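# A look at the structure
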Amino acid sequence: GAKSLSETLDALDVGVLVNNVGISYDFPQFYHELTDSEVEAIMTVNMESVVWMTRAVLPAMLAKKRGAVVNMSSASARPPNPLLTIYSSTKGFVENFTKSLAKEYGDKGLSFQCQSPLYVATSIVFPGSKVPPEKRATITTPTPKTYARYAVARIGYDTMTSPYWVHELFMWVSSLLSDSLQGTVILKMHKGIRYHKKNVEKMTAKIALAKKAQ
C-alpha cells in the first residue's frame, strides 16, 4: 500500500523520481471493444502508479526543499486519439497532473517535468514483433538508449517537453493544426490498423474467449 511504500522510500534519499510506466492497447480498438479488465489495467498502471509514487516521495523532498519528479506521458495525450481513447486520456491526465504540481510546488524547491515522446523502439510500440525492437529504430523512432540520452539532458528545464529533437519538431507542427483535422487523420490511421487482417483475427479470438468465459 501507499503507507508501506512511503516507509520504504523514507529510508532512501530520493533526489529524482522518474515515473516511467505505461501500458496501451494490444492494437487500436473502439472503446466498446475493450474488456473491463483492459480498461481497469490501463487506468491503474498509467495513472494510479504516478499519483501514489509521487505522493510517496513528496514529504521527504519538501523537507529537503529540493527534488525532481519526471513523469512520462505521450504525444498521444494532445490531439483526439480515437481507437486509443483510454490510453491517450490517461496520458492526458499525467500531463495535467504534472503541470498543476509544477505550479503548486514551484516556490518550494521542487521540480516537476512531463516528457511526452512519440514512438521509441520498444516492445510497447512493436507488440509481438519477431524483430528485436531496437533493430526497428529509425530517425523518428529512436532506440531507448538514444531517447534516454536526450531525456536525461532535459531534466530540470521545461515543465512540458518532448526531449528527442524529431519528436519536438513534430509536436510543434502538431500544435499548429486543429484538433478536428488531427482527429480525422488519426481515426483513419487507427481504423486501418484495427481492420488489418491480423487484428481482425485477434478481435474474433477475443470475442470468442469472452463468450466462453460467460
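All of the points below concern the structure found in this document. Not measured: the values here are computed from a predicted model.

About the thresholds
Residues numbered from 1 in each chain as written. Predicted model: local features only at pLDDT ≥ 70, side-chain atom pairs only at ≥ 80, totals over all residues. Heavy atoms only, no water. Phe/Tyr/Trp six-rings, centres within 6.5 Å; stacked < 30°, edge-to-face > 60°. Helix = DSSP H or I, 4+ residues; strand = E, 2+ residues; numbered from the N terminus. Buried < 20%, exposed > 50% of the residue type's maximum accessible area, 1.4 Å probe, protein only. Polar contact = N/O pair within 3.5 Å; in protein donor to acceptor, adjacent residues only side chain to side chain. Contact = heavy atoms within 4.5 Å. Arc of directions from axis to C-beta. Salt bridge = Lys/Arg side-chain N within 4 Å of Asp/Glu carboxyl O.

## Topic: the packing of aromatic side chains
The final tally for this structure, using the stated rule, is 4 aromatic pairs. Taking the centre distance of 5.1 Å and the plane angle of 90° together, the rings of Tyr150 and Tyr164 count as edge-to-face. Here Tyr164 lies in the loop between β4 (160-161) and α5 (165-176) and Tyr150 lies in helix α4 (residues 144-154), a separation of 14 residues in the sequence. A relative accessible area of 30% places Tyr150 in the partly exposed class. Relative accessible area serves as the criterion here: at 5%, Tyr164 is assigned to the buried category. Site record: aromatic cluster; members linked through ring pairs are Tyr150, Tyr164 and Trp165.

## Thoughts on the side chain of Gln115
Mapped onto the elements, Gln115 comes out in strand β3 (residues 110-115). Polar contacts involving the side chain of Gln115 include one to the main-chain carbonyl oxygen of Ala151, which spans 3.1 Å. Excluding its chain neighbours within four sequence positions, the residues that come into contact with Gln115 are Val70, Asn71, Met72, Ser73, Ser74, Tyr147, Ala151, Arg154, Ile155, Thr161 and Pro163.

## Digging into α4
Along α4, the residues classified as buried are Tyr147, Ala151 and Arg154. The arc enclosing the buried residues of α4, seen along the axis, measures out at 55°, which places them on a common side. For α4, exposure combined with an orientation more than 90 degrees from the buried face picks out Lys145, Arg149, Val152 and Ala153. In this structure, the buried residues of α4 make contact with β2 (67-72), β3, β4 and α5. Trailing α4 by a residue or two, Gly156 shows a phi angle of about 95°, which is positive.

## What about the pattern of salt bridges?
Applying the stated criterion across every chain yields a total of 5 salt bridges. Taking the shortest distance from any N to any O, the salt bridge between Glu95 and Arg78 comes out at 2.8 Å. Of this pair, Glu95 sits in helix α3 (residues 85-105) while Arg78 sits in the loop between β2 and α3; the two residues are 17 residues apart in sequence, bridging distant segments of the chain. Note that Glu168 is salt-bridged to Arg154, the shortest N-O span being 2.9 Å. Note that Glu168 is positioned in helix α5 and Arg154 in helix α4, a separation of 14 residues in sequence.

## With respect to the side chain of Ser88
Secondary-structure assignment places Ser88 in helix α3. Setting aside anything within four residues of it in sequence, one finds Ser88 in contact with Ser76, Ala77 and Asn81.

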